[in-house]
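# Descriptive structure summary
Residues per chain, in single letters:
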Amino acid sequence: MIELLQTDTNYVYFFLRIVAGIIIFPYGMQKLFGWFDDLGGGVGIKETIISMKSKNIPVYLHG
C-alpha cells in the first residue's frame with residue numbers, strides 16, 4: 001500500500017505537463033471564452049454548444 005501512494009521526484013514529467021498545458025490552454029480558452037481570434041476564430045461557449053448540437057453530441061445544460 002505504501003508503494004501505491006509514493007511518488008517519484010521526476011522533473012521530466014513535470015516539464016512535459018507544463019508544455020502540454022501551454023499547448024492546450026489557447027484551444028480551451030478559445031472554446032470557452034472566444035479568445036484568440038487570430039488563431040482561427042474564437043467562438044465562445046454559445047457557438048460551441050450550437051456546433052455540438054448540430055453534430056448530435058449530447059449537451060448537458062443545467063437549469
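Higher on the page you've got the structure.
Just so we're clear, the structure is a prediction, and the values are computed from it rather than from any experiment.

### Focus: the overall build of the chain
Helix and strand counts for the chain stand at 3 helices and 0 strands. Each helix and strand of the chain, placed in order from N terminus to C terminus, yields the pattern α-α-α. Across the 63 residues in the chain, those meeting the buried criterion constitute 10%. In the chain, once contacts between residues fewer than 6 apart in sequence are set aside, the share between residues at least 24 apart is 0%. On the chain, roughly 6,000 Å² of surface is accessible, and the fraction owed to carbon and sulfur atoms is 66%.

### Description of a nonpolar patch on the surface
Together, F25, L32, F33, W35 and I45 give the surface a local cluster of nonpolar side chains, amounting to about 500 Å² of exposed area. Among the elements that make up the nonpolar patch, the one with the highest residue count is helix α2 (residues 11-33) (3 residues). Mapped onto the elements, F33 comes out in helix α2.

Reading guide: rules and limits
- Residues numbered from 1 in each chain as written.
- Predicted model: local features only at pLDDT ≥ 70, side-chain atom pairs only at ≥ 80, totals over all residues.
- Heavy atoms only, no water.
- Helix = DSSP H or I, 4+ residues; strand = E, 2+ residues; numbered from the N terminus.
- Buried < 20%, exposed > 50% of the residue type's maximum accessible area, 1.4 Å probe, protein only.
- Contact = heavy atoms within 4.5 Å.
- Areas by Shrake-Rupley, 256 points an atom, 1.4 Å probe, with all protein chains shown as cover.
- Patch = residues over 30% accessible without salt bridge, like charges linked within 9 Å, V, L, I, M, F, W, Y side chains within 5 Å.
- Salt bridge = Lys/Arg side-chain N within 4 Å of Asp/Glu carboxyl O.

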